[in-house]
Every structure is written in structure tokens, then in C-alpha cells.
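Examination of the molecular architecture
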Amino acid sequence: KLATQQSIKAYADAISGGKVLQCLQVYKQDHFSSSAESWADVTDMSLAITPAATTSKILVIASLTFAATNWHAIKLVRTTTDIMVGNAATGNQENITISGVVYEAGAAQYGQTNASPMFLDSPSTSSETTYKVQVYCHDDSNPVYFGRSKTNYDAVSTGSTPQTLTLIEIGA
């Protein structure tokens, strides 16, 4: 009987991977803009998590709405390491998560772009790790805006939108 109980426990331990160990979220309701021609942290879009084990995976999910009239780039970062970025940039290009532009032609100046990057990360640590969203603006005279349209026009259809960053630890 003892051997059977030990076998059942060993089997249960072996199949226990894949469970959600913790879930954290930051919910940003205010606006943010940046005209930095360098990588800038999006205010209040960072979140720290301490994985239970070095084998844990972290599912990173961002929900972003933004507007701009010039080229901009967005990336996800773990502490100081870029994650979910391309790897074939050449010349002046950079490996990024999202690239975009919203032109100020007609109704476009009142709209926002939506993006929801999702990445399963393997941080290989059990120490506190911070994930964040960063933005780069190509032209300092044309900022990129989060949570609002470029014009912030006073109409229901151009309202304020939230941003979220969610971290889900998954046991190995």
C-alpha cells in the first residue's frame, strides 16, 4: 500500500507542470505621451514578479492603444533585456515588438491603434524580475500618445482608453 501511495504522489508531482502559479496586472487609465527620440518607459506600465522557480515561464500580455502622426516603435522588456523582438534588423533598424504610424489624414487624427502583444518568456530566475513597455518616437515634434487619440477631440468616439500589462507565472 505504501509503494502505491508513493507511486501516486510521484505521478501527481510529474504531471503538476503547466499550472498557473500567480497572476499580476497593472491597469493604466490615464494618458501618456512621449516625444523622446530614444527608448522611454511608458509610465505605470511596468510590473515586477518573483517566479517560484527558475523553470517557471512567464506569459506576458500587453493591451495597448496608441496614436501618432509619425513613425514610432514599441517593445516589451524584461529588466534590461528586450523580449518578443525581431532578430534581423540591419543598418539603422532596431529589433522591436511593434512598429507603426497613424497618419493625420482626415478621420485618422481622431483614431487609435490597438495592439496586444503576447509572449511566453523563460526568465530562468527565481529573483524578482520587472517587465515593462517602452516606446521610441521618431520625431520629437510629433509625440506618440497612449490612451487617447492624437487630437484628444471632445467626442464619445475619441474617448480615453485603458492599457494593461499582465504577467502569468506558469509552473514547469
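Residues numbered from 1 in each chain as written. Predicted model: local features only at pLDDT ≥ 70, side-chain atom pairs only at ≥ 80, totals over all residues. Heavy atoms only, no water.

**Looking at the overall build of the protein**
Operational definition: Counting from the N terminus, the helices are the DSSP runs of H or I reaching at least four residues and the strands are the DSSP runs of E reaching at least two. When a residue's accessible area, from a 1.4 Å probe over protein chains only, is under 20% of the maximum for its type it is buried; when over 50% it is exposed; and in between it is partly exposed. Every residue pair with non-hydrogen atoms within 4.5 Å of one another is taken to be in contact. In these tables, accessible area is a Shrake-Rupley quantity obtained with a 1.4 Å probe, and a residue counts as shielded only by the protein chains included in the view.
When helices and strands are tallied, the protein shows one helix and 12 strands. Counting helices and strands in the order they occur from the N terminus, the protein gives α-β-β-β-β-β-β-β-β-β-β-β-β. Residues classed as buried in the protein amount to 37% of the 172 residues present. Sequence separation of at least 24 residues holds for 82% of the intrachain contacts in the protein that already meet a minimum separation of 6. For the protein, the accessible area works out to roughly 9,400 Å², and carbon and sulfur atoms hold 51% of it.

**With respect to the nonpolar core**
Defined as follows: Note on terminology: a nonpolar core comprises buried Ala, Val, Leu, Ile, Met, Phe, Trp, Tyr and Cys residues joined through side-chain atoms within 4.5 Å.
In terms of nonpolar packing, the biggest core is built from 24 residues, with Val60, Leu64, Phe66, Ile74 and Phe146 touching the most fellow members. Elements represented by at least two residues in this core include exactly β3 (40–49), β4 (57–67), β5 (72–78), β10 (129–137), β11 (144–146) and β12 (163–170). Considering every element that reaches this core, the biggest residue donor is β4, with five residues. Ignoring any residue separated from it by four or fewer positions in sequence, one finds Phe66 in contact with His72, Ile74, Ile98, Gln112, Thr113, Ala115, Val144, Tyr145 and Phe146.

**With respect to the pattern of salt bridges**
Heads up, the rule is: In what follows, salt bridge is the name for a side-chain nitrogen of Lys or Arg lying within 4 Å of a carboxyl oxygen of Asp or Glu.
Under the counting rule described, the total for this entry stands at four salt bridges. Taking the shortest distance from any N to any O, the salt bridge between Asp41 and Lys132 comes out at 3.5 Å. With Asp41 in strand β3 and Lys132 in strand β10, this residue pair connects regions lying 91 residues apart in the sequence. Between Arg78 and Asp121 there is a salt bridge, with its nearest N and O atoms 2.6 Å apart. Of this pair, Arg78 sits in strand β5 while Asp121 sits in strand β9 (residues 118–121), and the two are 43 residues apart along the sequence.

**Thoughts on the packing of aromatic side chains**
This is how it is decided: When the centres of two rings from Phe, Tyr and Trp lie within 6.5 Å, Trp using its six-membered ring, the rings pair. Their planes under 30 degrees apart give stacked, over 60 give edge-to-face, and anything left gives tilted. Either the NZ atom of lysine or the CZ atom of arginine qualifies as a charge over a ring when it sits within 6 Å of the ring centre and within 35 degrees of the ring normal.
Per the counting criterion, the structure on display carries one aromatic pair. Judged by centre distance (5.6 Å) and plane angle (50°), the ring pair of Trp39 and Tyr136 falls under tilted. Taken together, the positions of Trp39 in the loop between β2 (32–34) and β3 and Tyr136 in strand β10 put the pair 97 residues apart, joining distant regions of the chain. Residue placement shows Lys75 over the ring face of Trp39; its charged tip is 4.1 Å from the ring centre.

**Observations regarding unusual backbone geometry**
A positive phi angle is found at Thr79, which is not glycine, with a value near 55°. Relative to the helices and strands, Thr79 resides in the loop between β5 and β6 (81–83). In this structure, Met84 is a non-glycine residue whose phi angle is positive, near 50°. By secondary structure assignment, the location of Met84 is in the loop between β6 and β7 (98–100). Residue class for Met84 comes out partly exposed when judged on its relative accessible area of 28%.

**Overview of the environment of Gln25**
This is how the line gets drawn: A 3.5 Å cut-off defines polar contacts: any pair of N or O atoms within that distance qualifies, except that in protein one atom must be a possible hydrogen donor and the other a possible acceptor, and neighbouring residues in sequence count only when both atoms are side-chain atoms.
The topology assignment puts Gln25 in strand β1 (residues 20–28). C-alpha of Gln25 to C-alpha of Ala62: the two residues are 37 residues apart in sequence and 9.6 Å apart in space. Every residue in contact with Gln25, bar those within four places of it in the chain, is listed here: Leu47, Thr164, Leu165 and Thr166. One polar contact links Gln25 to Thr166, side chain to side chain, over a distance of 2.8 Å.

The values reported here are purely geometric and, on their own, carry no functional implication.
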